[in-house]
Amino acid sequence: MSSFKYSAEHVTAYYSIDVEREWQRLIQNPEQEVKLHVHNHYLYEHLTKGLSVLEVGAGPGRFTQTLHEIGCNILVSDISEIQLDANRQKAKELGFSASISDWQKVDVTDLGQFTDNSFDAVVAYGGPLSYVFDHLDQALSECHRVLKMDGLLIASVMSLWGTLHRYFASFPESDPTPVAANGDLTAETYPGTTHFCHLFRSEELREAMIRNGFDVITLAASNTMSSTHTEILATLRENPEQWQSLIDMEIEASDSTGMVEAGTHMIVIARKRS
Ligand SMILES: C[S@@+](CC[C@H](N)C(=O)[O-])C[C@H]1O[C@@H](n2cnc3c(N)ncnc32)[C@H](O)[C@@H]1O
């Protein structure tokens, strides 16, 4: 459980620069591309044409595009106006605006502009729930409130052990102990960082879902093998068959019990309990 105080101002400022980098993030190298595939897999697996989806923290729209391809009716939201503008622009340029009913500035901790039981699914990919720190229950109870009965919350958060595993050497003096203490990555636990977020343990994430009225259907990792062996990915990427085998394995491994905390991110699929 996070002890750090949530600051909407800080996270808005953090995400109000360099939107093109955010748009490129999941295609910038093969490791990130695997993440895109794994995250997309869970959208395709759980969502179908015609569902109404609130996308929270949509950013410039990597996954808005996927939701459009599935045929969902999407309300795009983000705490940053600049990210919303970028999403509008990408939607127009790449032809996915027809599926979007509106773009609204929304903080996941207060979904007050939406009535109860409004959406079939809430998608919060890329960490909005990792940015709310001590307001996690507030954010989850808001997601729960706006979902229809049996509606799905599909989210990804930053994962503690997978991130330490992937970036162990990058921690100051290779000592992630302060971050591991309760999962908060802040200027205090990682001097010099301006990227403040909470890294979850899997049981903590599961318990938060249950506490806020959800049944957890799936917990999955993004990524598993590919975040450990980044050096061989560029070569694999050049061979379509080997690349496809890796993606298939990553997807299979992602929700294997022993792998759930192996990635830098954890994906959770949770159903609003009736
Ligand atoms: C890493 S980006 C992810 C963008 C996109 N969902 C993806 O996965 O590619 C995180 C996004 O969440 C937004 N965000 C952060 N905190 C938020 C909050 N409390 N409420 C709503 N959006 C938030 C940021 O502005 C940013 O656009």
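Residues numbered from 1 in each chain as written. Predicted model: local features only at pLDDT ≥ 70, side-chain atom pairs only at ≥ 80, totals over all residues. Heavy atoms only, no water.

## Some details on the layout of surface pockets
Quantified by volume, the largest pocket comes out at close to 1,200 Å³. Along its surface, the largest pocket is lined by 46 residues, and Y15, R25, Y131, M158 and H195 are the ones closest to its centre. Breaking the lining of the largest pocket down by element, the ones donating at least two residues are α1 (8-14), α2 (19-24), α3 (30-46), α4 (62-70), α7 (160-167) and β7 (197-200). Taken together, the residues of the lining of the largest pocket sort by class into 24 nonpolar, 13 polar and nine charged. (1 Å grid on protein atoms, 1.4 Å probe; cavity = no way out; pocket = protein on both sides within 12 Å on 5 of 7 lines; lining within 4 Å. Points joined across faces, edges and corners; volume = space filled by probe spheres on them. Helix = DSSP H or I, 4+ residues; strand = E, 2+ residues; numbered from the N terminus. Nonpolar A, V, L, I, M, F, W, Y, C, P; charged D, E, K, R; others polar.)

## Things to note about the pairing of β7
The side-chain alternation of β7 yields two buried faces, one formed by C197 and L199 and the other by H198 and F200. Taken together, the two bridges between strand β5 (residues 147-159) and β7 define a ladder with parallel strand orientation. Within β7, the position partnered with M158 by the bridge is L199. Relative to β7, strand β6 (residues 184-185) is paired through two bridges, and the arrangement is antiparallel. Along β7, the bridge assignment pairs L185 with C197. (Buried < 20%, exposed > 50% of the residue type's maximum accessible area, 1.4 Å probe, protein only. Pairing = 2+ DSSP bridges.)

## Remarks on the packing of aromatic side chains
Counted under the stated rule, the structure contains seven aromatic pairs. For the ring pair F114 and F119, a centre distance of 5.4 Å and an interplane angle of 85° mean the geometry is edge-to-face. Look at F114 and you get buried, because its relative accessible area is 7%. Consider the rings of F171 and Y190, whose centres lie 5.4 Å apart with planes at 55°: the pair is tilted. A residue pair is termed long-range when its members are at least 10 positions apart, and F171 in the loop between α7 and α8 (177-182) and Y190 in the loop between β6 and β7 qualify at 19 residues. On the basis of relative accessible area, F171 is assigned to the buried category, the value being 5%. Taken together, F4, F133 and F196 form an aromatic cluster joined through their ring pairs. Here the basic side chain of R62 rests over the ring of W23, its NZ or CZ set 3.8 Å away from the ring centre. (Phe/Tyr/Trp six-rings, centres within 6.5 Å; stacked < 30°, edge-to-face > 60°. Lys NZ or Arg CZ within 6 Å of the ring centre and 35° of its normal.)

## Quick notes on the site of the ligand
Neighbouring residues of the ligand: 22 residues in total, closest Y6, G57, D78, V108 and Y125. Between the ligand and Y6, the relevant distance is 3.0 Å, taken from a nitrogen atom to a side-chain nitrogen or oxygen of the residue. Measuring from an oxygen atom of the ligand, one finds a side-chain N or O atom of D78 at 2.6 Å. A total of 590 Å² of accessible area belongs to the ligand in isolation, and the protein chains cover 98% of it. Cavity membership is defined here by more than half of the atoms lying within 2 Å of grid points; on that basis the ligand lies in the largest pocket. Taken together, the residues of the shell around the ligand sort by class into 13 nonpolar, five polar and four charged. (Near = heavy atom within 4 Å. Polar contact = N/O pair within 3.5 Å; in protein donor to acceptor, adjacent residues only side chain to side chain. Areas by Shrake-Rupley, 256 points an atom, 1.4 Å probe, with all protein chains shown as cover. Sits in = over half its atoms within 2 Å of the grid points.)

## Comments concerning the packing of α3 against helix α12 (residues 240-254)
Remark: α3 packs on α12, axes separated minimally by 10 Å, with the N-to-C direction vectors making an angle of 55°. On the basis of the axis angle, α3 is oblique to α12. The handedness of the crossing between α3 and α12 is right-handed. Facing P30, E33, V34, H37, V38, H41 and Y42 of α3, the residues of α12 in contact are W243, L246, I247, E250, I251 and S254. Class assignment for the residues of the contact of α3 with α12 results in eight nonpolar, three polar and two charged. (Axes fitted to C-alpha atoms, helices over the stretch in contact; angles between N-to-C directions. Parallel < 35°, antiparallel > 145°, perpendicular 65-115°, else oblique. Left-handed = near helix turned anticlockwise from the far one by under 90°. Contact = heavy atoms within 4.5 Å.)

## Considerations on the environment of Y190
By relative accessible area, Y190 is classed as partly exposed at 22%. When the C-alpha atoms of Y190 and P178 are compared, they prove to be 7.6 Å apart, with 12 residues separating the residues in sequence. Every residue in contact with Y190, bar those within four places of it in the chain, is listed here: S170, F171, P172, V179 and L185.

## A closer look at the pattern of salt bridges
Enumeration over the complete set of coordinates arrives at 12 salt bridges. E22 is the partner of R25 in a salt bridge, and the nearest nitrogen-oxygen pair spans 2.9 Å. Looking at R25, the relative accessible area reads 25%, which means it is partly exposed. Between R273 and D215 there is a salt bridge, and its shortest N-O distance comes to 3.0 Å. (Salt bridge = Lys/Arg side-chain N within 4 Å of Asp/Glu carboxyl O.)

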